[in-house]
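Chain by chain, the residues:
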Amino acid sequence: MDDEQQRPARPPDSLALPRFCGVATFMRLPQASEATGLDVAVLGLPSDNGSPYRTGARFGPKAIRDASVMLRPVNPYRGNVDVFSALHVADLGDAAVVPGYMPPTLLQMEAAVRRVTDAGACPLLLGGDHGVSIAALRAVAGRHRQPLALVHFDAHSDTWDAYFGGERHSAGTPFRRAVEESLVDPQRSLQLGLRGSLFSPDDVEQSRRLGYEVLSTDEMLAETPPTLADRIARRTGGAPVYLSFDLDVVDPASAPGVQTPEAGGPSAREMLAILRNLHGIDLAGADVVECNPLFDGPGAVTALLGATVAAEILALKAVSR
Ligand SMILES: [Mn+2]
């Protein structure tokens, strides 16, 4: 027996296991500790301090990253753009948070997002409950020194004034605070996908009084994805856009793993068609929030949808450059 035969069998390189296992980064991107030189930085905001009811969104970033490892870099809905050739992207891990304590958590998350925006990169944020968005908006609007155009997909307006006798920061309040703090220009902003039961008849009107354009789920789905995308582009009018995507905008059949499911929403397919048609958007920051793996269905369908939505946002950014 010669040396060649005694050598243990080793698979050729082409059969080496891809890096699907172990600690996942978003879409198996490289990890980075800072955003210098990046076009987009993925950052987790693992807080559910703002959840009034079904807590667990703190595990959302981890679940979305785990589900994202099977996603591929070429997007056939955007002219086969190879997202990671068009954009320098890395995963910065998660912001520090203080579980159970909203004010210090908001400060920690804002500081983490500022490290991205100060480096000139666009943050792609993985929540977390929707209460994280106010921290992100403070950082992104601060960087751009102007109110942002908000494109907000959600079954709920999240423009309530306070919860539990005066608490001003929760998953239900960020988009009122954002107007009060001049972080968003409501005249250039839309809330899309609202539906379901209300606390009071005023719940939707309160958003319109703040200046937002509001489309219910039925109104959103009455338009074709291209005409809806045109409407969003006209409304945002070239201002820097913050896109906030609450996974509960999608029907609970496609996204059961959320804090506040609302029956009767768009399917995953209908929602992705809308995202894949968006154009004319100068994306300054984005979040995908309310993924709660503790309530997710078989196959982690909500996390997979969250990962896919985040990948579509990256593709939008890639073709906008
Ligand atoms: Mn929300």
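Residues numbered from 1 in each chain as written. Predicted model: local features only at pLDDT ≥ 70, side-chain atom pairs only at ≥ 80, totals over all residues. Heavy atoms only, no water.

With respect to the coordination of the manganese ion
Looking at the manganese ion, one finds its protein donor set to be His130 (ND1), Asp154 (OD), Asp158 (OD) and Asp246 (OD), positioned 2.1 to 2.2 Å from the metal centre. Coordination of the manganese ion draws on donor residues from a single chain, spaced H-x23-D-x3-D-x87-D in sequence. In this pair, histidine 130 sits in the loop between β5 (122–127) and α5 (133–144) while aspartate 154 sits in the loop between β6 (149–153) and α6 (174–180), placing the two residues 24 residues apart along the sequence. By the burial criterion, histidine 130 is buried, and aspartate 154 matches it. (Donors = N, O, S within 2.8 Å, 3.2 Å for Na, K, Ca; no water. Helix = DSSP H or I, 4+ residues; strand = E, 2+ residues; numbered from the N terminus. Buried < 20%, exposed > 50% of the residue type's maximum accessible area, 1.4 Å probe, protein only.)

Focus: the side chain of histidine 152
By secondary structure assignment, the location of histidine 152 is in strand β6. Within the structure, histidine 152 has its side chain in polar contact with the side chain of aspartate 154 (distance 2.9 Å). Among residues more than four places away in sequence, those in contact with histidine 152 are His130, Ser157, Asp158, Phe175, Leu190, Gln191, Leu192 and Ser244. (Polar contact = N/O pair within 3.5 Å; in protein donor to acceptor, adjacent residues only side chain to side chain. Contact = heavy atoms within 4.5 Å.)

Overview of helix α2 (residues 60–68)
Most of α2 is tucked away: seven of the nine residues are buried. Taken together, the buried positions of α2 are occupied by Gly60, Pro61, Ala63, Ile64, Arg65, Ala67 and Ser68. Against the buried residues of α2 lie β1 (40–45), β4 (89–94), β5, β10 (282–289) and α11 (301–320).

Thoughts on the sheet that holds strand β7 (residues 190–194)
Backbone hydrogen bonds hold the strands of a sheet together, and the pairing may be parallel or antiparallel. As summarised here, the arrangement of the eight strands in space is β4-β1-β5-β10-β9-β6-β7-β8, forming an open sheet in which the pairing is parallel. The open sheet has two free edges, formed respectively by β4 and β8 (213–216), since each of these has just one partner strand. Direction aside, neighbouring strands of the sheet carry axes that sit 15° apart on average. On the sheet, α5 packs against β5, β9 (240–246) and β10 and is oriented at approximately 170° with respect to β9. (Pairing = 2+ DSSP bridges. Axes fitted to C-alpha atoms, helices over the stretch in contact; angles between N-to-C directions.)

With respect to the packing of helix α10 (residues 268–277) against α11
Packing of α10 against α11 leaves a shortest axis separation of 10 Å and a crossing angle of 15°. Here α10 lies roughly parallel to α11, going by the angle between them. Of the two possible hands of crossing, α10 and α11 adopt the one that is right-handed. Contacts between α10 and α11 involve Ala268, Leu272, Leu275 and Arg276 from the first element and Leu305, Thr308, Val309 and Glu312 from the second. Split into classes, the residues belonging to the contact of α10 with α11 amount to five nonpolar, one polar and two charged. (Parallel < 35°, antiparallel > 145°, perpendicular 65-115°, else oblique. Left-handed = near helix turned anticlockwise from the far one by under 90°. Nonpolar A, V, L, I, M, F, W, Y, C, P; charged D, E, K, R; others polar.)

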